[in-house]
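This is what each chain is made of:
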Amino acid sequence: MQPSEMERSILSLHTQITALRRDMKTAFRRIDEQTRLTDTVHQLALSIRDLANKQENTQQQMGALRQDVDDLKGRSGKRWDLMVMEIIKYVALTAAGYLIAHLF
């Protein structure tokens, strides 16, 4: 091999090494970006899991509150009915007493 051929071969190898280094840096940069993306997706999945758990707890609490409200609605209606019946009873007794007092 002639010295000029060797120089050309060395320059060709040097060019190839430079291109390979550039490609390796690009590949490592992409791997780092992919790792960051994977970590972000993992964090997102954990956040969604936490939100789903909180939503389930909220739904259970809302169910309990709904039951309590329904119970309270039923009680107030019964109390109102009892109070109206008592008022009607006292008005009727008062009217009967008034009639008896004035008739005799």
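Presented here is an overview of the structure given in this document. (Residues numbered from 1 in each chain as written. Predicted model: local features only at pLDDT ≥ 70, side-chain atom pairs only at ≥ 80, totals over all residues. Heavy atoms only, no water.)

This part is about the overall build of the chain. A tally of regular secondary structure across the chain gives one helix and zero strands. Scaling as 2.2 N^0.38, a compact globule of 104 residues should have a C-alpha radius of gyration of about 13 Å, whereas the chain reaches 44 Å, well beyond that. Projected onto its principal axes, the C-alpha coordinates of the chain cover approximately 150 × 15 × 10 Å. When the accessible area of the chain is evaluated, it comes to approximately 10000 Å², of which 63% is carbon and sulfur surface. (Helix = DSSP H or I, 4+ residues; strand = E, 2+ residues; numbered from the N terminus. Rg over C-alpha atoms; globule rule 2.2 N^0.38 Å. Areas by Shrake-Rupley, 256 points an atom, 1.4 Å probe, with all protein chains shown as cover.)

A separate point is a positive patch on the surface. A cluster of like positive charges, contributed by R21, K25, R29 and R30, occupies part of the molecular surface. Along the chain, the position of R30 falls in helix α1 (residues 3–103). (Patch = residues over 30% accessible without salt bridge, like charges linked within 9 Å, V, L, I, M, F, W, Y side chains within 5 Å. Salt bridge = Lys/Arg side-chain N within 4 Å of Asp/Glu carboxyl O. Lys, Arg positive; Asp, Glu negative; His and termini not counted. Charge placed at Lys NZ, Arg CZ, Asp CG, Glu CD.)

This part takes up the environment of I17. With respect to the element layout, I17 can be found in helix α1. Along the backbone, I17 and Q34 are 17 residues apart, and their C-alpha atoms lie at a distance of 25 Å.

Tallied over the full model, the rule gives two salt bridges. Across the pair R49 and D50 runs a salt bridge whose closest N-O atoms are separated by 3.6 Å. Among the residues examined, R49 registers a relative accessible area of 47% and is labelled partly exposed. Taking the shortest distance from any N to any O, the salt bridge between E86 and K89 comes out at 3.5 Å. Note that E86 and K89 are positioned in helix α1 at a spacing of three residues, about one turn of the helix. A residue is classified by how much of its surface remains accessible, and K89, at 40% relative accessible area, is partly exposed. (Buried < 20%, exposed > 50% of the residue type's maximum accessible area, 1.4 Å probe, protein only.)

Right, let's get into the packing of aromatic side chains. If you walk through the whole model with that rule in mind, you get zero aromatic pairs. Above the ring of Y90, the side-chain terminus of K89 is found at 5.9 Å from the ring centroid. (Phe/Tyr/Trp six-rings, centres within 6.5 Å; stacked < 30°, edge-to-face > 60°. Lys NZ or Arg CZ within 6 Å of the ring centre and 35° of its normal.)

Before going further, it helps to examine a nonpolar patch on the surface. A cluster of nonpolar residues, W80, M83, V84, M85, I87, I88 and V91, forms a patch on the protein surface that exposes about 710 Å² of accessible area. With respect to the helices and strands, the residue V91 is situated in helix α1.

Of note, K54 is situated in helix α1. With a relative accessible area of 55%, K54 lands in the exposed category. In this structure, the C-alpha to C-alpha distance between K54 and L72, residues 18 residues apart in sequence, is 27 Å.

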